[in-house]
Amino acid sequence: MDHDAFLKSTAELLGPKGLTQDHELIEPWLTDWRGRYTGRAFALASPASTDEVSALVKLCVQHGIPIVPQGGNSGMVGGATPDETGDALMLSLRRMNNVRRFDKDAQQIVCEAGVILQTLHDIAEEADLRFPLTLGGKGSATIGGLVSTNAGGTQVLRHGTMRAQVLGLEAVLPDGQVFDGLTALKKDNRGFDLKQLLIGSEGTLGIVTAANLRLLPANRGRVAVWAGLETVTGARSLLRYVERAMGNNLEGFEIVPDHCLTSVLDHLPDARAPLANRHAWNALIEFVSSSEDTGALRERAESALAGAFEEGLLEDAVIAANETQAEDFWLLRDSIAPAERAIGPAMQHDISVPVEKMPEFILAAIPKVENAFAGTRGVAFGHLGDGNVHFHVLAPKDATPGDWEDSEGKRISALVYDLVAEWGGSISAEHGIGQLKVGELERLSDPASLSMMRAVKHALDPQGLLNPGKLLAKT
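Residues numbered from 1 in each chain as written. Predicted model: local features only at pLDDT ≥ 70, side-chain atom pairs only at ≥ 80, totals over all residues. Heavy atoms only, no water.

1. With respect to the overall build of the chain
Alright, step 1. Across its full length, the chain holds 17 helices and 18 strands.
Alright, step 2. In terms of C-alpha radius of gyration, the chain reaches 23 Å, essentially the compact-globule figure of 23 Å for 475 residues.
Alright, step 3. Considered along the principal axes of its C-alpha atoms, the chain spans approximately 75 × 55 × 45 Å.
Alright, step 4. The 475 residues of the chain split such that 52% are buried.
Alright, step 5. Taking as baseline every contact in the chain between residues at least 6 positions apart, the subset at least 24 positions apart corresponds to 74%.
Alright, step 6. Carbon and sulfur atoms make up 50% of the accessible area of the chain, which totals about 20,800 Å².
Alright, step 7. Looking at the chain, you have 43 positive and 63 negative side-chain charges, and the mean spots of the two groups are 3 Å apart. (Helix = DSSP H or I, 4+ residues; strand = E, 2+ residues; numbered from the N terminus. Rg over C-alpha atoms; globule rule 2.2 N^0.38 Å. Buried < 20%, exposed > 50% of the residue type's maximum accessible area, 1.4 Å probe, protein only. Contact = heavy atoms within 4.5 Å. Areas by Shrake-Rupley, 256 points an atom, 1.4 Å probe, with all protein chains shown as cover. Lys, Arg positive; Asp, Glu negative; His and termini not counted. Charge placed at Lys NZ, Arg CZ, Asp CG, Glu CD.)

2. Quick notes on the sheet that holds strand β18 (residues 388-394)
Alright, step 1. Ordered by their spatial adjacency, 7 strands build an open sheet running β15-β12-β14-β13-β17-β18-β16, and the pairing between neighbours is antiparallel. A strand with exactly one partner marks an edge of an open sheet, and here the two such strands are β15 (316-319) and β16 (346-352). In this sheet, adjacent strand axes meet at a mean angle of 15° when their direction is disregarded.
Alright, step 2. The pairing of strand β13 (residues 250-257) with strand β14 (residues 281-289) spans 7 bridges and is antiparallel. (Pairing = 2+ DSSP bridges. Axes fitted to C-alpha atoms, helices over the stretch in contact; angles between N-to-C directions.)

3. Quick notes on the packing of aromatic side chains
Alright, step 1. Enumeration over the complete set of coordinates arrives at 4 aromatic pairs.
Alright, step 2. Through a chain of ring-to-ring contacts, the aromatic side chains of Phe361, Phe391 and Trp423 assemble into a single cluster.
Alright, step 3. A cation over an aromatic ring shows up here: Arg94 above the ring of Trp29, its NZ or CZ 3.4 Å from the ring centre. (Phe/Tyr/Trp six-rings, centres within 6.5 Å; stacked < 30°, edge-to-face > 60°. Lys NZ or Arg CZ within 6 Å of the ring centre and 35° of its normal.)

4. Some thoughts on a nonpolar patch on the surface
Alright, step 1. Nonpolar side chains collect at one region of the surface, where Phe192, Leu194, Leu197 and Leu460 lie side by side and expose about 390 Å² of accessible area between them.
Alright, step 2. Mapped onto the elements, Leu460 comes out in helix α17 (residues 447-460). (Patch = residues over 30% accessible without salt bridge, like charges linked within 9 Å, V, L, I, M, F, W, Y side chains within 5 Å. Salt bridge = Lys/Arg side-chain N within 4 Å of Asp/Glu carboxyl O.)

5. Regarding the packing of helix α9 (residues 232-246) against helix α14 (residues 358-372)
Alright, step 1. Interaxial distance between α9 and α14 falls to 8 Å at its minimum, and their mutual angle equals 170°. On the basis of their axis angle, the class for α9 and α14 is roughly antiparallel. Taking contact as the criterion, the partners of Val232, Thr233 and Arg236 in α9 are, on α14, Pro359, Glu360, Ile362 and Leu363. (Parallel < 35°, antiparallel > 145°, perpendicular 65-115°, else oblique.)

6. Structural notes on the pairing of strand β4 (residues 89-92)
Regular strands place their side chains on alternate faces of the sheet.
Alright, step 1. Residues Leu89 and Leu91 point to one face of β4 and Met90 and Ser92 to the other, with burial holding for every one of them.
Alright, step 2. Relative to β4, strand β2 (residues 43-45) runs parallel, the two sharing 3 bridges. Within β4, the position partnered with Ala45 by the bridge is Leu91.

7. Considering the environment of Pro462
Alright, step 1. Assignment of secondary structure puts Pro462 in the segment after α17.
Alright, step 2. Taking relative accessible area as the criterion, Pro462 reaches 56% and is therefore assigned exposed.
Alright, step 3. Separated by 287 residues in sequence, Pro462 and Asp175 place their C-alpha atoms 9.3 Å apart.

8. Examining the layout of surface pockets
Picture a little ball the size of a water molecule; that probe, rolled over the atoms, points out where space is still empty.
Alright, step 1. Considered as a void within the structure, the second largest pocket measures approximately 750 Å³ in volume.
Alright, step 2. Taken together, 35 residues form the lining of the second largest pocket, with Gly200, Ile433, Leu441, Met453 and Leu471 sitting closest to its centre.
Alright, step 3. Sorting the residues of the lining of the second largest pocket by element identifies α8 (194-198), α15 (403-422), α16 (438-444) and α17 as the ones contributing at least two each.
Alright, step 4. When residues in the lining of the second largest pocket are grouped by element, the largest group, 5 residues, is from α17. (1 Å grid on protein atoms, 1.4 Å probe; cavity = no way out; pocket = protein on both sides within 12 Å on 5 of 7 lines; lining within 4 Å. Points joined across faces, edges and corners; volume = space filled by probe spheres on them.)

9. Re the sheet that holds β4
Alright, step 1. Pairing in this open sheet of 4 strands is mixed, and the strands run β1-β2-β4-β3 from one edge to the other. The sheet terminates laterally at β1 (19-20) and β3 (67-70), the two strands that pair on one side only.
Alright, step 2. The sheet contact formed by β3 and β4 spans 4 bridges and is parallel. Looking at β4, one finds that Val68 is bridged to Met90.
Alright, step 3. Strand contacts of helix α3 (residues 50-63): β2, β3 and β4, with the helix running at about 170° to β4, the strand carrying the most contacts.

10. Some remarks on the environment of Arg100
Alright, step 1. Turning to its location among the elements, Arg100 is positioned in strand β5 (residues 99-103).
Alright, step 2. Arg100 sits in the partly exposed class, given a relative accessible area of 36%.
Alright, step 3. Here the alpha-carbon distance between Arg100 and Gln196, two residues 96 residues apart in the chain, equals 21 Å.
Alright, step 4. If we ignore the near neighbours within four places in the chain, the residues touching Arg100 are Thr50, Val110, Glu112, Glu170, Leu182, Thr209 and Ala210.
Alright, step 5. Side-chain polar atoms of Arg100 contact the side chain of Thr50, separated by 2.9 Å.
Alright, step 6. Engagement of the side chain of Arg100 in a polar contact is seen with the side chain of Glu112, the distance being 3.2 Å. (Polar contact = N/O pair within 3.5 Å; in protein donor to acceptor, adjacent residues only side chain to side chain.)

Below, the structure written as structure tokens:
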């Protein structure tokens, strides 16, 4: 690698705003959001257009420079963090934050990769529309990152993952060519759906520069419910009941064990339990409607909950009185991860199993892990409607942070992933593989699937320069 020649050409291409070697400016982006990985990079490039990204990638190919694309750096698996060699160029898409086109009538918006999710929400809301994907990191997560990782969130039950929101895509390929697939077509049978190949590829097959996204009519009605339940299997029965009773008005169904609720109440000084009595399990349910107001929707929700109570499917429930209380319910749910982290070291697993098996998986997996690793505590919560389990294993009280995760913690994760494989699930539900799960993907994946992914990677990126060591192990 001839870094000097490369830097000279890159500086001419991007200008002073587009390239820096200042360690103080680069350093905040070298550690992943969870603090698990810290790498090195010899420079940080911040192109302002797709043409600049394309030209930059061509320079990287010419000089053999590895590229690590990065959006908001809010990922959970180290997928946007360079390795420790210092050979890689960090490529930030944050300057590419324009909305290129907004068609309110067609309910479509073309955003560049650096647009923040919260910004997209605000733009849609001003036009009486909404973007049907949200998550805890919406204030920092970027569109490019969400596409590259096929992000999920709390609305997947009704609307699907990021993959379902993308109508068209623009990306720079590993040789610098620009894939222009932004046009939204209902029917297009010209071979492979190449945009879907790029979605979820974690920057290993192409660098997402823009996306054409679908929008939906804004909600006229919204009703949030907090329900107390005796068992997690009862939560599934309640889910099926409200699905039948409320149809497409059901947008979210989250399950929260009492341990998680206790942790959050201890963590948030002003938080209050929604129900007077405590319950072994809780469900946070959200109903929405774009055609009826909150009053009408609330009446239907009350009727559905009354029927569920008569069927013995819940022990107690409260409907949020207003938007503030609804947001308070969601704050309890969204604060589980930091609250559990505040307790001490934990191994946190983002996994999925078939929806119909999720309660039984939780009931089987927790005691197996706790029996195999004395002093640990298994905790499971998440999106019951789509089978996504956030499976945390809390360390024993005498565990040493850092050492425990690197020793016993790794063995715990291996057991958890073995159990997931036995139950026909996935070791990554919504956060990707990154560098955290590369080894487990190699160990547990179907050989044919791995072979196909490696073949695609080699065909598009024969030099292995795009986000090396992520998703697939280096070969």
